[in-house]
Amino acid sequence: MKIGIVCYPTFGGSGVLATELGKALAQKGHQVHFITYREPVRLDVYVPNIFYHEVHVPTYPLFDYPPYETALASTMVDVIKNNDLDLLHVHYAIPHASAAYMAKKILEKENKKIPVITTLHGTDITLVGRDKTYAPVVTFSINESDAITAVSEDLRNETYRSFNIEKNIEVIYNFVDVSRFSRKPIDAFKKAMAPNGEKILLHVSNFRRLKRVPDVVKVFYEVQKTIPSKLLFVGDGPERPAAEELCRSLGICDEVRFVGKQEQMEDILAIGDLFLLPSEYESFGLAALEAMAAGMPVVSTNVGGLKEINIPGETGFMADVGDVATMARQVITTLKDDDTLKAFKMQAKSQAAKFDIHNIVPLYEKLYERFLR
Ligand code: GMT
């Protein structure tokens, strides 16, 4: 098949998932065309059947807001026509689904039919999409998609609750390549982070408000009183200065490292003992799934799709949003002795295996095939 994939090229989960999907499809022999404004972060390999088409948005003094959606739709038309694509799979509804609708209509005039599949990822529905400014266009373009998928049951239900959707939304869970995240820890790296064998707690995100990054610091502050431990922050974003300030005011700067945006996630996750994700909402929590694949138990909030991947008492624990005291107790329970931690680690890894790339990618292929027949 010749598949067009449209996504955000940034570190966000939707772009990561879309890129990993494209790479997996290419490995299975499909021709994959990424259409986006920058090379996707995880598109770190050269493969002859992967193509990358950059969307250029010409500026003009009249434009306070350069029309990205128009440039994207035009690039879609160009790539679909000139590469004879079979279908277009867009990740994150805004503005990808509406640009795809425009491209589809333009191509219809030229007698080219292009099925559009829209995958909903989370904030396109729960945060941004719901905003009155965007809602009518989001509703329309989701309804006009030939197929709609959501990354969890929770997101599917949220979408029906928030928008007037007339079509079936299929759930195809996010996935992880478990074999890729089964790295042995690099000793020197582990020693640099935890020189005296301390336990390593990890948080990976884009540091947006809804990630509740200060809660990570507060949980860690309680934990390190009982368990010799270090906290490693990966990623960057608007809440990072507040988190750094909180570390300073609690006097725990020596125990906390902020390493910023990183691409070698396999090696970083390999040295971690426990993953913290106290978000206000997660449609799925791909970062948590990748951590589980690397054998890390997860202490998270009991929101959204996290309830579909984290099994309390087995792969980690869950608590209410903002309940820092409970999360700290749960971390201590998980880390309290080596045998308990080992059991949690194994259970986390076997739960991640259910979401392995080899189980999920064929579901997308089956979905695509429906439109080729
Ligand atoms: O979490 C973010 O801020 C990034 C966002 C995105 O769109 O890239 O992530 C969303 O999609 C991921 C991949 O499907 C999910 O794992 C995240 O849970 C989801 N984020 C939220 O729902 C807040």
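Up top you'll find the structure we're talking about.
Here's what I pulled together on the structure shown here. (Residues numbered from 1 in each chain as written. Predicted model: local features only at pLDDT ≥ 70, side-chain atom pairs only at ≥ 80, totals over all residues. Heavy atoms only, no water.)

1. Comments concerning unusual backbone geometry
Where the residue is not glycine, phi is negative for most of them; where a peptide bond is considered, it is trans in most cases. A cis geometry characterises the amide bond from Ile94 onward to Pro95, with omega recorded as -10°. Note on placement: Pro95 falls in helix α3 (residues 93–109). Even without glycine at this site, Asn111 takes up a positive phi of about 60°. In this structure, Phe207 takes a positive phi of about 55° despite not being glycine. Tracing the backbone shows Phe207 in the loop between β8 (199–204) and α8 (213–226). A relative accessible area of 0% places Phe207 in the buried class. (Helix = DSSP H or I, 4+ residues; strand = E, 2+ residues; numbered from the N terminus. Buried < 20%, exposed > 50% of the residue type's maximum accessible area, 1.4 Å probe, protein only.)

2. A short note on the site of the ligand
Within the structure, the ligand sits among 19 residues, and His121, Asn206, Arg208, Lys211 and Glu282 are positioned closest to it. Between Phe284 and the ligand, the recorded distance is 3.2 Å, taken from a backbone N or O atom to an oxygen atom. Coverage of the ligand by the protein chains reaches 96% of its 490 Å² of free accessible surface. Mapping the ligand onto the cavity grids shows that it belongs to the largest pocket. Looking at which domains feed residues into the shell around the ligand, each of domain 1 (2–175 + 356–372) and domain 2 (178–353) supplies at least three. (Near = heavy atom within 4 Å. Polar contact = N/O pair within 3.5 Å; in protein donor to acceptor, adjacent residues only side chain to side chain. Areas by Shrake-Rupley, 256 points an atom, 1.4 Å probe, with all protein chains shown as cover. 1 Å grid on protein atoms, 1.4 Å probe; cavity = no way out; pocket = protein on both sides within 12 Å on 5 of 7 lines; lining within 4 Å. Sits in = over half its atoms within 2 Å of the grid points. Domains from an automatic or database assignment.)

3. Here's the deal with the sheet that holds strand β2 (residues 31–36)
Pairing in this open sheet of seven strands is parallel, and the strands run β3-β2-β1-β4-β5-β6-β7 from one edge to the other. Of all the strands in the sheet, just β3 (50–54) and β7 (169–171) have a single pairing partner and so form its edges. Put simply, the sheet's adjacent strands are angled 25° from each other on average, direction ignored. Where strand β6 (residues 147–150) lies against β7, three bridges are found, and the strand directions are parallel. The residue bridging Ala150 from the neighbouring strand is Val171, located in β7. (Pairing = 2+ DSSP bridges. Axes fitted to C-alpha atoms, helices over the stretch in contact; angles between N-to-C directions.)

4. Describing empty space enclosed by the protein
Applying the stated criterion across every chain yields a total of three cavities of 30 Å³ or more. By volume, the largest cavity amounts to about 50 Å³. Every residue lining the largest cavity is listed: Val16, Leu17, Glu20, Arg42, Phe175, Val176, Asp177, Arg180, Phe181, Leu286 and Glu290. Residues belonging to the lining of the largest cavity are distributed by class as follows: six nonpolar, no polar and five charged. The residues that make up the lining of the largest cavity include at least three from each of domain 1 (2–175 + 356–372) and domain 2 (178–353). (Points joined across faces, edges and corners; volume = space filled by probe spheres on them. Nonpolar A, V, L, I, M, F, W, Y, C, P; charged D, E, K, R; others polar.)

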